[in-house]
Amino acid sequence: MSDVILEIKGINRIYKDEDNTVEALNDINLSVKRGEFISIIGSSGCGKTTLLRLIAGLDKPQSGKLLQSGEEIISPDPSRGYVFQQGGLFQWLTVEQNIAAGLKARRVYKENKHKVAEYIDLIGLNGFEKSYPHQISGGMAQRVAIARALINDPELLLLDEPMGALDSFTRADIQDKLLELKRGNNATMILVTHDVDEAIYLSDRIVIMTPRPGKISEIMEIKLPHPRHRGGVEFLSIRKNILEKFHMASAYPEPEYRI
Amino acid sequence: MRISYKEPSPNKGRLNINFIAVILFTIAGFAAAILANIFIPQISAGVKIKDYTFGGITLNINSAYRLVLAALIALYTAIGIFSAFDKDRRKKYKKRAQFRFAAGIALALWDLFGTKLQLLPQPFFPGPAGIIEAFLSESGFVIQNTLYSLRLFAVGFIFGVAFGVGTGIIIGWFPKAYYWLTPVLNIAGVVPAVAWMPFALTLFPTPFTAAVFLIVICVWFPVASLAASGVQSTPKAQFEAARTLGGKTSYLVFHVAIPHAMPQIFTGINTANAFAFTTLVMAEMMGQPGGLGYYINASKVWSAYYKVFAAIIVMAVMFSLITKGIGLIESRVLRWQRGLVK
Ligand SMILES: Nc1ncnc2c1ncn2[C@@H]1O[C@H](COP(=O)(O)OP(=O)(O)OP(=O)(O)O)[C@@H](O)[C@H]1O
Ligand SMILES: [Mg+2]
């Protein structure tokens, strides 16, 4: 019996300025089981980042509740790791020190020192341990950001388009690493992505959102067994299905299989 | 990893004839100054040449002056040989050759008009050998005053920076502190520190502590205001990243806000450094029992302008060494910025 790790109940988040009001999230309900992999897809501005920030505890909803294992989320916690849409690495720390930041912040660095090298291996940045963020490529920086979030062993990992800047090989590599991690640590992951293939390849469920106001329009369960084959018949039919939903929602069809 | 690309130099590792000529040219000016000092007789009668003995070595102003020139020659020859084996260093050395040659010639002319002929208005403009007399006749006193200045500077500057960084961070972090302290900082900051001298002298037990106080407040202002602005300009996203990693307030302050503010803190420190030199010398001239400013004042009373020049030379050397030292610390602390900003 799989327990519920995250419950989102009737969330509303409205951004108000003097002259305009944006309903970023409108009545969001979602319940995530431990060990589940959830992807959130939807066009730009539909509230994906807003939702992730609320789950992280970086922001508060106007109404509704977020519960982690039954307890209300009120502030950020290392049990919920966050990989930011834009790197967010500390410029004054080396690759190695950035990865170790979580350990130092929690004051558990001494006993976990060895983990830093493990994560450098994991993201394949050997030889760049002493480099500063501005000296490595955008894709490398994004990998460091992932390692930095992973080193705390979060039970819930929130990833906001972490692979946008990566080439397809590194991306496939990291996707497999995420699956491996999910299986090994029974970690729960929520991934925001614009890549439908990525969402299908990784997810147990895909949450499709629509903008203005930001709403969940559909939740699709992907029942394919792992490892999934990107060229498989079922894979392709799911992809077609998702893309058609988007084409219906948007005015004109998109040339690429990207949203 | 810092990647610097160097052009392969064709004659790397060889001391070629051209560069030897550059070295000779560099030192030729100083050599000419030595020869001028030896062969031009003392024409004006206004200069008395006394002998000073240091541990068995007897020097007069001329032999001491030649010794200084010889030291310069040795220094520039050594730098030249050291630079000969690297293309960039050779280029830099070659670029400075003209200036160094001219400096030697200028010294020779100064020696001629200042000491040998005494055509410059006396006693206001002594020759270079005349200035050296200050170091010969009262080296102990000069050193004692230099150390006094150095100690005053070090104590005042270190306390000022510590105090400035501390209050700057508090002002940058707590909106309440910003509200109440910024006006104080701005008003106190525009007043030259020496204006507080009369208060300082009555409030503090010794002239030394009074001068330290003046240096502390003149350093405090730029360091505190720049540290505050550095802390305030930390992007929210960086704090959020730290919080999701489990960072509490102390981590946010010491591992996010302060490192982020470091470049600005150093801008403040560099500004403060210049302020501190001025305050130091003025404070010393206004009532200290020692220091180079005091030495200048004391010498002026006796119209010993050569001593004033000597003190100015010591200040120039001391202050540029301090500035260099701070620059070294800065480039070490901010090494993560290398290649990020120009
Ligand atoms: N801090 C804010 N202040 C005002 N409006 C905001 C703020 N953050 C987000 N919004 C608005 O809320 C809506 C949702 O933004 P959000 O960043 O969640 O979109 P997103 O789905 O992550 O988009 P993208 O795919 O481009 O990253 C947008 O219309 C945006 O303009
Ligand atoms: Mg976003």
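Residues numbered from 1 in each chain as written. Chains lettered and ligands numbered in written order. Predicted model: local features only at pLDDT ≥ 70, side-chain atom pairs only at ≥ 80, totals over all residues. Heavy atoms only, no water.

J.: Looking at this structure, how should I read the pattern of salt bridges?
T.: A side chain of one charge can pair with a side chain of the opposite charge if their charged atoms are brought near each other. A complete count under the given rule lists 15 salt bridges over all chains for this structure. Its salt-bridge partner being Asp59 of chain A, residue Arg13 of chain A comes within 2.9 Å of it at the nearest N-O pair. One end of the pair, Arg13 of chain A, is in strand S1 (residues 4–16); the other, Asp59 of chain A, is in the loop between helix H1 (48–56) and strand S4 (63–68), with 46 residues separating them in the sequence. You'll find Arg13 of chain A and Asp59 of chain A in the same group, each marked buried. Put simply, Lys236 of chain B and Glu240 of chain B hold a salt bridge, and the shortest N to O gap is 3.9 Å. Residue Lys236 of chain B and its partner Glu240 of chain B are both found in helix H9 (residues 236–244); the two are separated by four residues, about one turn of the helix. Look at the salt bridges and you will find they share partners, linking Asp3, Arg34 and Glu155 of chain A into a network. (Salt bridge = Lys/Arg side-chain N within 4 Å of Asp/Glu carboxyl O. Helix = DSSP H or I, 4+ residues; strand = E, 2+ residues; numbered from the N terminus. Buried < 20%, exposed > 50% of the residue type's maximum accessible area, 1.4 Å probe, protein only.)

J.: Please explain the environment of Asn186 of chain A as it appears in this structure.
T.: All names here are of chain A. With respect to the helices and strands, Asn186 occurs in the loop between helix H6 (168–185) and strand S8 (188–192). Measuring from C-alpha to C-alpha, the distance between Asn186 and Asn98 comes to 25 Å, with 88 residues separating the pair along the chain. Not counting chain neighbours up to four residues away, the residues in contact with Asn186 comprise Arg34, Gly35 and Leu181. (Contact = heavy atoms within 4.5 Å.)

J.: Is there a simple way to think about unusual backbone geometry in this case?
T.: Across the chain, the bulk of peptide bonds are trans and the bulk of non-glycine residues have phi less than zero. Residues and elements named next belong to chain A. Residues Arg212 and Pro213 are joined by a peptide bond in cis, for which omega reads -10°. Positionally, Pro213 belongs in the loop between strand S9 (205–210) and strand S10 (215–221). The omega angle of the peptide bond from His226 to Pro227 is -10°, so this bond is cis rather than trans. Along the chain, Pro227 falls in the loop between S10 and helix H8 (233–249). Positive phi, normally seen in glycine, also occurs at Asp27, with a value near 45°.

J.: What's the story with the pairing of S10 of chain A in this structure? I'm lost.
T.: Successive side chains on a regular strand alternate, one facing one side of the sheet and the next facing the other. Strand direction decides the pairing type here: S9 of chain A and S10 of chain A, joined by six bridges, are antiparallel. For Met209 of chain A, the partnering residue across the bridge sits in S10 of chain A and is Ile216 of chain A. (Pairing = 2+ DSSP bridges.)

J.: Can you help me understand the domain arrangement of chain B in this one?
T.: Interfaces are often sized by the accessible area lost when the parts come together. All names here are of chain B. One can read the domain layout of chain B as domain 1 (17–137) and domain 2 (140–336). Computed over C-alpha atoms only, the centres of domain 1 and domain 2 are separated by 36 Å. In this complex, domain 1 contributes nine residues to the contact, which on the side of domain 2 involves ten residues. In total, domain 1 and domain 2 occlude about 820 Å² of area from one another, counting both sides; carbon and sulfur atoms represent 83% of this. Looking at the side of domain 1 facing domain 2, the largest losses of area belong to Ile131, Ala134 and Phe135, adding up to 51% of the total buried there. The interface formed by domain 1 and domain 2 holds zero salt bridges in total. The tally of links from domain 1 across to domain 2 stands at zero residue pairs in polar contact (both at pLDDT 80 or more). Along the lines of polarity and charge, the residues of the side of domain 1 that touches domain 2 split into seven nonpolar, one polar and one charged. (Domains from an automatic or database assignment. Buried area = accessible area lost by both parts, 1.4 Å probe. Polar contact = N/O pair within 3.5 Å; in protein donor to acceptor, adjacent residues only side chain to side chain. Nonpolar A, V, L, I, M, F, W, Y, C, P; charged D, E, K, R; others polar.)

J.: Hey, could you run me through the interface of chain A and chain B in this one?
T.: With 29 residues of chain A in contact, the opposing surface of chain B contributes 24 residues. Summing both partners gives a buried area of about 2,200 Å² for chain A against chain B, and 59% of it is carried by carbon and sulfur. If you sort the residues of chain A by the area they bury against chain B, Phe90, Trp92 and His134 of chain A come out on top, with a joint share of 30%. The residue Arg53 of chain A makes a salt bridge to Glu240 of chain B at a minimum N-O spacing of 2.6 Å. The interface formed by chain A and chain B includes seven residue pairs in polar contact (both at pLDDT 80 or more).

J.: Any chance you could explain the sheet that holds strand S3 (residues 37–42) of chain A here in plain terms?
T.: As a general point, the strands of a sheet are linked pairwise by backbone hydrogen bonds and lie either parallel or antiparallel. Residue and element names in this part refer to chain A. Read across the sheet, six strands follow the order S6-S7-S8-S3-S9-S10 without closing on themselves; strand pairing throughout is mixed. Two strands close off the open sheet at either side, each with one partner strand: strand S6 (80–83) and S10. Between one strand axis and the next, the sheet turns by 15° as a mean value, whatever way the strands run. Examined bridge by bridge, S3 and S9 share five bridges and lie parallel to one another. Each residue of the ladder has a partner; that of Gly42, found in S9, is Met209. (Axes fitted to C-alpha atoms, helices over the stretch in contact; angles between N-to-C directions.)

J.: Would you take a moment to explain the nonpolar core for this structure?
T.: Within soluble globular proteins, side chains that are nonpolar generally end up buried alongside one another. In terms of nonpolar packing, the biggest core is built from 94 residues, with Leu6, Ile8, Ile55, Phe90 and Ile190 of chain A together with Phe157 and Val219 of chain B touching the most fellow members. The dominant element in this core, judged by the number of residues it contributes, is helix H10 (residues 249–285) of chain B, at 16 residues. The residues contacting Ile190 of chain A, other than those within four sequence positions of it, are Leu6, Val32, Ile38, Ile40, Leu52, Ile55, Leu156, Leu157, Leu158 and Leu159 of chain A. Grouped together as the second largest cluster of nonpolar side chains are 50 residues, Ala145, Leu159, Ile174 and Ile222 of chain A included. (Core = buried A, V, L, I, M, F, W, Y, C linked by side-chain atoms within 4.5 Å.)

J.: How do you make sense of the site of ligand 1 when you look at a structure like this?
T.: All names here are of chain A. Of all residues adjacent to ligand 1, which total 13 residues, the nearest are Ser44, Gly45, Lys48, Thr49 and Thr50. Take Ser44: an N or O atom from its side chain is 2.4 Å from an oxygen atom of ligand 1. Here an oxygen atom of ligand 1 and a backbone polar atom of Gly45 are 2.9 Å apart. The set of elements that each furnish at least two residues to the shell around ligand 1 consists of strand S2 (21–33) and H1. With three residues, the top contributor of residues to the shell around ligand 1 is H1. Here the shell around ligand 1 is composed, by residue class, of four nonpolar, seven polar and two charged. (Near = heavy atom within 4 Å.)

J.: Explain a nonpolar patch on the surface here, please?
T.: Taken together, Val190, Val191, Trp196, Phe199 and Leu203 of chain B make up a surface patch of nonpolar side chains, about 520 Å² in accessible area. Counting through the fold element by element, Phe199 of chain B comes out in helix H7 (residues 197–203). (Patch = residues over 30% accessible without salt bridge, like charges linked within 9 Å, V, L, I, M, F, W, Y side chains within 5 Å. Areas by Shrake-Rupley, 256 points an atom, 1.4 Å probe, with all protein chains shown as cover.)

J.: Before we go on, may I ask you to explain the side chain of Asn12 of chain A in this structure?
T.: Residue and element names in this part refer to chain A. Tracing the chain through its elements places Asn12 in strand S1. Take Asn12: its relative accessible area is 18%, and that puts it in the buried class. Not counting the four nearest positions on each side in its chain, Asn12 is found in contact with Glu23, Leu25, Asn26, Asp27, Pro61, Gln62 and Ser63.

J.: I'm lost on the environment of Met282 of chain B in this one. Help?
T.: Residues and elements named next belong to chain B. Tracing the chain through its elements places Met282 in helix H10. Overall, the relative accessible area of 38% leaves Met282 in the partly exposed class. Distance in space between the C-alpha atoms of Met282 and Met197 is 9.8 Å, their sequence separation being 85 residues.

J.: Is there a simple way to think about a positive patch on the surface in this case?
T.: Residues and elements named next belong to chain B. Taken together, the side chains of Lys87, Arg89, Lys91, Lys92, Lys95, Arg96 and Lys324 define a basic patch exposed on the protein surface. Here the positive patch gets six residues from one element, more than from any other, and that element is helix H3 (residues 87–116). Take Lys92: its relative accessible area is 52%, and that puts it in the exposed class. (Lys, Arg positive; Asp, Glu negative; His and termini not counted. Charge placed at Lys NZ, Arg CZ, Asp CG, Glu CD.)

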